[in-house]
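# Summary of structural features
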Amino acid sequence: MAYTYSQLKIGDSETFSKTITAADILLFAAVSGDMNQLHINDEYAKATMFGQRIAHGALTSSLIPAALTLAFPGSVYISQYVEFKAPVFINDTITVIVTCKEKREKRRVVMQTNCYNQRGECVLEGEAVTKLAREEK
C-alpha cells in the first residue's frame, strides 16, 4: 500500500523480496567497483569461513529503497544505518520489511529496516529516515 504522511501510522509496514543471483553479484561488483574476491571468485571464497561466494553487504542494503518506494512513492531517502547480521549467498531470497517507528515534523519518517533470508534468518538490521512526498490533494 502506498501511504501519505497523514495516512501512515506507527507499525505500518511494507515488504519487498528478491532472489540474489550470481549475475546480480557480478553486476553489482561492476557498478560499484567492489571486486572483493569473496564476492566474485568461487575458488577464493571456498577457502573462507563462508565456504562460498557471498553477496556484497551494500547489495543487500540496496534492496531497502525498493520497499520504501512501494510504501512511499516519490519519497526522498535521507539516511540509512545498517548492521549486517549474516551472509547472503547466491540464490538466497531476501525479504525486506520496513516498519514505521516514528513520525517527525516536515513529513520525515523513521523506519525500521530489516532483511531476512528464505529461512527467516535476519541478515540485516537497520533504520532509515525518509521524507515523504507532499500530501495528495
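Rules used throughout
Every chain is numbered on its own, with residues counted from 1 as its sequence reads. This being a predicted model, a pLDDT of at least 70 is required before a residue's local features are given, and a value of 80 or more before pairs of side-chain atoms are given or counted; all residues contribute to the totals for chains, interfaces and linings. Note: side-chain values were computed over all heavy atoms of the structure, leaving out hydrogens and water. Here the rule is simple: two strands pair whenever DSSP picks up at least two bridges between them. The helix and strand labels rest on DSSP assignments: H or I over at least four residues marks a helix, E over at least two residues marks a strand, and numbering proceeds from the N terminus. Throughout this description, the term salt bridge denotes a Lys or Arg side-chain nitrogen within 4 Å of a carboxyl oxygen of Asp or Glu. Whether a residue is buried, partly exposed or exposed follows from its accessible area with a 1.4 Å probe, protein chains only, as a fraction of its type maximum: under 20%, in between, or over 50%, in that order.

With that settled, the discussion passes to the pairing of strand β3 (residues 93–103). Judged from the 7 bridges that link them, strand β1 (residues 13–19) and β3 form a sheet pairing that is antiparallel. Paired with S13 across the bridge in β3 is T99. Pairing of β3 with strand β4 (residues 108–116) involves 8 bridges; the strand directions are antiparallel. Looking at β4, one finds that I97 is bridged to N114. Between β3 and β4, which follow one another and run antiparallel, lie 4 residues, and K106 among them has a positive phi close to 60 degrees.

Once that is clear, we can look at the pattern of salt bridges. With the rule as written, the count across this model stands at 9 salt bridges. For K46, the salt bridge goes to E43, with nearest N and O atoms at 3.2 Å. Within this pair, K46 and its partner E43 are both found in helix α3 (residues 42–46), separated by 3 residues, close to a single helical turn. For E43, a relative accessible area of 57% gives the class exposed. A salt bridge links R104 to E102, with the shortest nitrogen-to-oxygen separation between them at 3.2 Å. Residue R104 is classed as partly exposed on the basis of its relative accessible area, which comes to 36%. One connected set of salt bridges, linked through shared partners, spans E83, K85 and E125.

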